[in-house]
Every structure is written in structure tokens, then in C-alpha cells.
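Structure at a glance
So the chains spell out like this:
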Amino acid sequence: MNTAAQSAGVLSFEEAYEVVRERCRSILEAGDRHGKEVLLVQALKRVLAEPVAADRDFPPFARATRDGFAVRAQDLADGMMTLRVVGQVRAGDSYDLPVASGEAVEIMTGAAVPAGADAVVMVEYTERKSKELNHKGHEETQRKAENREVIDADDHILDIASHHKPKPQENRTQKEDCIEIDIVEIQRAVVAGENVVPPGAEARAGQELLPLGTRLGPAQIALAAAAGKASLKVYRKPRVAILSTGDELVEVAEKPGPSQIRNSNSYSLAALVTESGGEAVQLPIAPDEEGKLTELIQEGLKADMLLLSGGVSMGKFDLVEQALKALGAQFFFTGALIQPGKPVVFGGAGSVPFFGLPGNPVSVMVTFELFARQMVEALSGAEPSRLKSASARLRKDLKTKTGLTRFLPAMLDGGLYGPEVEVVPWQGSGDMLAAARANCYLVVPPDREKLAKGEMVTVVLR
Ligand code: AMP
Ligand code: MG
């Protein structure tokens, strides 16, 4: 008989989840962690042991967000829709003269908007032309496009021409005393600031970009790279011992006898631990015998966290809780009203948290996702993430029984605007094929015995 199960409780899913979160929070706060330097390329999924600050303004200059023409918005507000193109600035270049009234600078996305200009007109709303001026003031305006159709100059061009000052970008034509200048017709006005990100709008030099404890994904790594960090100080990964128990188990490379099965849980758990930022330490299979089991549990408790698989049900040979109890472990719960995974156990031995996960392969994965993942994250020094959930339309009627919150292997698809979900066919908690076909768990609340086709349901993403 399981004495531990009587001393700690069987909780609802929500209660059990909150108990784990509470422990995660205190572990995160109490953590005495050490950092080490790793190359940026090795930093994926690691947790920052020191904050990353901006080494300069982000962006460092007024950045054009479109290809087009840098202009003074006031010119356009004043009705001056034809401007003289006085230069070009490409990404990486600078245009050093201030843009004066009546002028525009051709600009590419990502380039620095020159002083004087305060907006960028998208190239789509412009028409580039060239105009020749001769010494008598006769002028022609031509489209720069292939058909070079001759069009009349308008008042503004005359106006610009009369204020014309030679600029370095001008092309003097072969014809004596003729100057060819570029002009652009603006078809849509812009307001000041349009298509420009001002310097420091994202962050000021010295400002914290990534706080201590940030878990590094691709976007965070990009930010660190932009701030010039070729290496980062990250926390040591927590070591998570994995101990599969069961007399029926053989190692993967061994040939199982007729009633034996291979130990797959140590592998699903190692993969889940690695994915959540821990270092998996696989222990040898523990038999359903208290002496050897205790020895291996003691070995496992040398790590930062221990995950046990199997041996937590009410059977005669389910000895995990008993062995842990004999080692002085504390139990925070000894079951949760969920399916699969009802016999899940959570506790601590000294400062080492442990989970006893029911041995069925789907139960192991579901209970890891629901409870253990956040603990690995907290031990890594990162804020433990909440369950990732989404809403989707149910594809087929579903019948269950009330009393347990169910997390059924399911397939979510249907694109961005109409996600749909359907449980995958399964033979119960031992059906690994079902788990391998699924990409989420469909949540059935404990008070529902039927979910109807077409209703919106919640899924937990993996
Ligand atoms: P238990 O929770 O110990 O009662 O285990 C329940 C069932 O899960 C067992 O009968 C096995 O079929 C299966 N099982 C237990 N441990 C493992 C393991 N490490 N790998 C694969 N299947 C397992
Ligand atoms: Mg067992």
C-alpha cells in the first residue's frame, strides 16, 4: 500500500500546476548560479547570466524604412510636389550635405536619412525625371524611364530652376552651357517622420536590451549580435537525472525477451530536458526492487533535478514513492486529476526537486510538458514559461468521461485563420505511435463528457 500517497494529496490539474509554479518561483529566486562565456553561435536556448546593453543607439541613425526619396515634409505640405534630386544615399553610405527646401535625396531601405530631410516618400509614389536647363533658361523635362516622354515643366520646376545652385551630383551635359538636373515628382505627400525610424527610437545607448535570465532564442541572439556581443555569459545548464524503473525494461541496444520492452522513456525525457535547456543525465534502468532502486535514486539526487519514470501507480511493485520517502523526501502532491498521467508525483529531497512520472510513454510526455518543463527552466535561471495554449475548432465529436482534465494527443492544422484540431486515434497512454503523430494535446475540461464538432477547444502546444 502506498503510504506517501495518503500523506500528500491528489490535486486538480490547476492546483497541481500552481504548486509546481510556486516551487519554481522559489527555486528561481534562491538560485546561486554560475555563469560562463559561450560563443554567440552556441548560445541558443541558454540563459543570460548578465544583461546585454545597447553599445549605441538603436537605430544608430535615422533609418529609412522604404526605398524612395528623403524629403522635407513641409515642402510637400506647402504644395511643392516637384523636387530636385540632389544625390543618392545607399545603405552603408552617408549623404553629408543638409537637404534644403525644394530638394530630395534618393534613398534605399536601411540607409541613413540625411540631415534636413525628415520623411521618405516611397518610390512607388514618385516619378523620376530629368530636365535640361540652358543658359537662356529654356528647359525640358523628361521621364527617366525608357520612353523618355517629353512633358511640360510646372511652376515648381521653374521655381527650383531660378534658385538653382550647382551641386556635386549634377551631370553637366555635352551641350555647352546646358546642365541636366534630376527632378522627382511626388504623387503622395508624407508627414514628418513617415518611413523614418529616428535614432534611438528602439533603444538608447547604454539601455538594457536583454535582461539577466533571458532565455536566448533566435531573436534575442540577433539582438546580441547587433550590440556587438560575439560571446555571451550564460548560466550553467541544470543537470537533470533520468531514471527509468521497471523489471520489464531492457536497454535500446538489447534484444527484448517475449514479455520485455525497450526503455524508450529515458530517451523521450532526455529529448524534452535538452529542449527545455537542461543537460540530461541518463541513469541505468532501475529494477522494481527497493535496494537497487534506492541506490540509483541516491545517484540521481546528486543532479540538480531528478525525473523518474514508472513505479508510481498503486501496484505491488510500484516502489518509487516508498524509496523516496525512506530517503526523507518531501511530497508536494502524489497525484493529479488528469488523464493521461494521474499518478504523477512531485516532491523534493533536500534542495533537489523530483518528479515521479507514470511509466506509460504518453503519460511521461504529457506530465513532463504540464509540470516538469517549467522546473527545468527555473533551474536554468529563466522565468518558467506558462503552458503554450491555443484555440482551435474541433473537427469531430468527442466523447469522454467527467472527473479528469484530459490532454489527448491531437493534430492541429488549418493555417493562420482557421486552426482546426482532431484527436489522433490512440490505444491509450501506452500508444507511442499516437504521440508521434500528434503535434499538441487537446484539453477536455473535467466537467465535459462530450465536445461537439465545430466548437472552439483549447490545445496545449508541444
Ligand atoms: P508503470 O508506471 O511503472 O506502471 O508503467 C506503466 C507501463 O508503462 C509499463 O507497463 C510499460 O509498458 C510502460 N513503461 C514503463 N516504463 C517504460 C519505459 N522506460 N519505456 C517505455 N515504456 C515504459
Ligand atoms: Mg513499472
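For the structure itself, consult the block above.
Residues numbered from 1 in each chain as written. Chains lettered and ligands numbered in written order. Predicted model: local features only at pLDDT ≥ 70, side-chain atom pairs only at ≥ 80, totals over all residues. Heavy atoms only, no water.

Here the idea is simple: oppositely charged side chains can pair when their charged atoms come close. Scanning the entire structure with this criterion turns up 17 salt bridges. Note that Glu18 and Arg386 form a salt bridge whose closest N and O atoms lie 3.8 Å from each other. Placement of Glu18 in helix H2 (residues 13-30) and of Arg386 in the loop between helix H9 (361-379) and strand S27 (389-394) is noted, with a sequence separation of 368 residues between them. For Glu18, a relative accessible area of 34% gives the class partly exposed. Here Glu202 and Arg63 are joined by a salt bridge, their closest N and O atoms 2.8 Å apart. Here the residue Glu202 occupies a position in the loop between strand S14 (196-197) and strand S15 (208-210), and Arg63 occupies one in strand S4 (residues 63-64), the gap between them amounting to 139 residues. On the accessibility criterion, Arg63 (26% relative accessible area) is partly exposed. What emerges from the salt-bridge pattern is a single network uniting Arg395, Lys396, Asp413, Glu420 and Glu422. (Salt bridge = Lys/Arg side-chain N within 4 Å of Asp/Glu carboxyl O. Helix = DSSP H or I, 4+ residues; strand = E, 2+ residues; numbered from the N terminus. Buried < 20%, exposed > 50% of the residue type's maximum accessible area, 1.4 Å probe, protein only.)

A few words now on the packing of helix H6 (residues 265-275) against H9. Packed helix pairs are characterised by how far apart their axes lie and by the angle those axes make with each other. Contact geometry for H6 and H9: axes closest at 10 Å, N-to-C directions at 25°. With respect to H9, the element H6 is oriented roughly parallel. Judged by the twist between their axes, the crossing of H6 over H9 is right-handed. The segment H6 lies against H9, with Asn265, Ser268, Leu269, Leu272, Val273 and Glu275 engaging Pro361, Val364, Met365, Phe368, Glu369, Arg373 and Val376. Across the contact of H6 with H9, the residue classes break down as 8 nonpolar, 2 polar and 3 charged. (Axes fitted to C-alpha atoms, helices over the stretch in contact; angles between N-to-C directions. Parallel < 35°, antiparallel > 145°, perpendicular 65-115°, else oblique. Left-handed = near helix turned anticlockwise from the far one by under 90°. Contact = heavy atoms within 4.5 Å. Nonpolar A, V, L, I, M, F, W, Y, C, P; charged D, E, K, R; others polar.)

Attention now goes to the sheet that holds strand S17 (residues 239-244). The sheet built from 6 strands is open, its strands ordered S20-S17-S21-S26-S25-S22 with mixed pairing. Each edge of the open sheet carries a strand with a single partner, namely strand S20 (279-282) and strand S22 (330-333). The mean angle between the axes of side-by-side strands here comes to 25°, regardless of whether they run parallel or antiparallel. For S17 and S20, the ladder comprises 4 bridges, and the chain directions are parallel. Among the inter-strand pairings, Arg239 is bridged to a residue of S20, identified as Glu279. Lying over the sheet, H2 contacts S22, strand S25 (345-349) and strand S26 (352-357), oriented at roughly 130° with respect to S22. (Pairing = 2+ DSSP bridges.)

This next bit is on the site of ligand 1. Of all residues adjacent to ligand 1, which total 15 residues, the nearest are Asn263, Ser264, Asn265, Gly311 and Gly359. In the environment of ligand 1, a nitrogen atom lies 2.9 Å from a nitrogen or oxygen atom belonging to the side chain of Asn263. Separating an oxygen atom of ligand 1 from a backbone N or O atom of Gly359 is a distance of 2.8 Å. Within the complex, 77% of the 480 Å² of free accessible area of ligand 1 lies under protein. (Near = heavy atom within 4 Å. Polar contact = N/O pair within 3.5 Å; in protein donor to acceptor, adjacent residues only side chain to side chain. Areas by Shrake-Rupley, 256 points an atom, 1.4 Å probe, with all protein chains shown as cover.)

We now examine unusual backbone geometry. In this chain, Phe58 is followed by Pro59 through a cis amide linkage whose omega measures -10°. Within the element layout of this structure, Pro59 appears in the loop between strand S3 (52-53) and S4. At Lys45, a position not held by glycine, the phi torsion is positive, near 70°. Its place among the elements puts Lys45 in the loop between strand S2 (35-39) and S3. A residue is classified by how much of its surface remains accessible, and Lys45, at 34% relative accessible area, is partly exposed. Although it is not a glycine, Asn195 adopts a positive phi angle of roughly 60°. Looking at where Asn195 falls in the secondary structure, it is placed in the loop between strand S13 (179-186) and S14.

Treat this as a map of the structure, not an account of what it does.
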